[in-house]
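Coordinate analysis (summary)
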Amino acid sequence: FFFLLIFYFVSFWLVALLAKNFVLYEYTSHRPGLFSSFNLRDSLLILATALLAGYTHWTCTTSNLVAKVSGVLKAEPLNKADTYHQKFQNIIDEVCVATGGRRRIEGMVIPTSAMNAFALMDFEGRCVIGVTEGLLARLTRAQLEAVVGHEAAHIVAGDCLATTVTTSLFSLYSGLLKGLESVFRATRSSSRRGGGILMLLAAVYVLL
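This section reports on the structure supplied with the text.

Structural notes on the packing of helix α4 (residues 83-98) against helix α6 (residues 141-157)
- Where α4 meets α6, the closest approach of the two axes is 10 Å, and the angle between their N-to-C directions is 50°. Judged by the angle between their axes, α4 and α6 are oblique. Every pair of crossing elements has a handedness; the one defined by α4 and α6 is right-handed. For the pair α4 and α6, contact is made by Lys87, Phe88, Asn90, Ile91, Ile92, Glu94 and Val95 and by Arg141, Leu144, Glu145, Val148, Gly149 and Ala152, respectively.
- Partitioning the contact of α4 with α6 into residue classes produces 7 nonpolar, 2 polar and 4 charged.

Right, here's the structure in full:
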């Protein structure tokens, strides 16, 4: 969370700096030197904006975290009538016992023939181990036990939580990049005075 705040402050400060100099250069008679910087009041205002943006980003992305990420992955709950899913659930139950029963682990599957597995965890303690249908169909029970044990180790060690949170937090920027690319293409062909705007958009693009 602290890193996220620093990231927002530095990003907002750089964008605001570029925007200020762009406005001074394009629309006023004042021609700044290399850069016209900010005073303490302006920097504190940018910091307050960064705090608000960082807190909003954090709370929105970490609430209902497992459901959001599993939704992106198109992971589905196990079907009790499916024998492959039953075998997977049995192995998960065994792993829960082997790890001391401290965490209840849910099983999920991704309907694809590829072979892969994942583990998710959130701040509420919800834990998920997921596999693809292709992996369930092609691995022996012993091989599947090894995969589930590996993913359970990520949950027990706690590194799974950091990965889930980081992935969720910074997936926002991939969406922003796509939108900015559209604006960038539209601005490039709009007007003769678009040079400064293009430079500003290019700077935001690099930050994203």
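Structural notes on the state of the cysteines
- Tallied over the full model, the rule gives 0 disulfides.
- You can see Cys160 has no disulfide; the closest cysteine sulfur is in Cys127, sitting 7.1 Å from it.

Quick notes on α6
- In this model, α6 (17 residues) spans 24 Å end to end at C-alpha, consistent with the 24 Å of a helix rising 1.5 Å per residue.
- What α6 keeps buried is the set Leu144, Val148, Glu151, Ala152 and Ile155. For α6, the arc enclosing every buried residue in end-on projection is 105°, short of the 170-degree limit, so these residues lie on one face. For α6, the exposed residues lying more than 90 degrees away from the buried face are Ala142 and Ala157.
- The first or second residue beyond α6 is Gly158, which carries a positive phi of 90°.

A word on the pairing of strand β3 (residues 117-121)
- Within β3, 5 of the 5 residues are buried, leaving the element largely enclosed by the surrounding structure.
- Pairing geometry for β3 and strand β4 (residues 127-132), over 5 bridges, is antiparallel. In the strand pairing of β4, Phe118 is matched with Gly130.
- Counting the residues that bridge the hairpin from β3 to β4 gives 5 residues, and of these Gly125 lies at a positive phi of roughly 90°.

Observations regarding unusual backbone geometry
- Phi is positive for Asn64, which is not a glycine, with a value near 55°.
- Relative to the helices and strands, Asn64 is located in the loop between α2 (40-62) and α3 (65-72).
- Residues other than glycine seldom take positive phi values, yet Lys74 does so here, at roughly 60°.
- Tracing the backbone through its elements, the reader meets Lys74 in the loop between α3 and β1 (76-77).

What counts as what
Residues numbered from 1 in each chain as written. Predicted model: local features only at pLDDT ≥ 70, side-chain atom pairs only at ≥ 80, totals over all residues. Heavy atoms only, no water. Axes fitted to C-alpha atoms, helices over the stretch in contact; angles between N-to-C directions. Helix = DSSP H or I, 4+ residues; strand = E, 2+ residues; numbered from the N terminus. Parallel < 35°, antiparallel > 145°, perpendicular 65-115°, else oblique. Left-handed = near helix turned anticlockwise from the far one by under 90°. Contact = heavy atoms within 4.5 Å. Nonpolar A, V, L, I, M, F, W, Y, C, P; charged D, E, K, R; others polar. Disulfide = S-S within 2.5 Å. Expected span 1.5 Å × (residues − 1). Buried < 20%, exposed > 50% of the residue type's maximum accessible area, 1.4 Å probe, protein only. Arc of directions from axis to C-beta. Pairing = 2+ DSSP bridges.

By themselves, these figures tell us nothing about what the structure is for.
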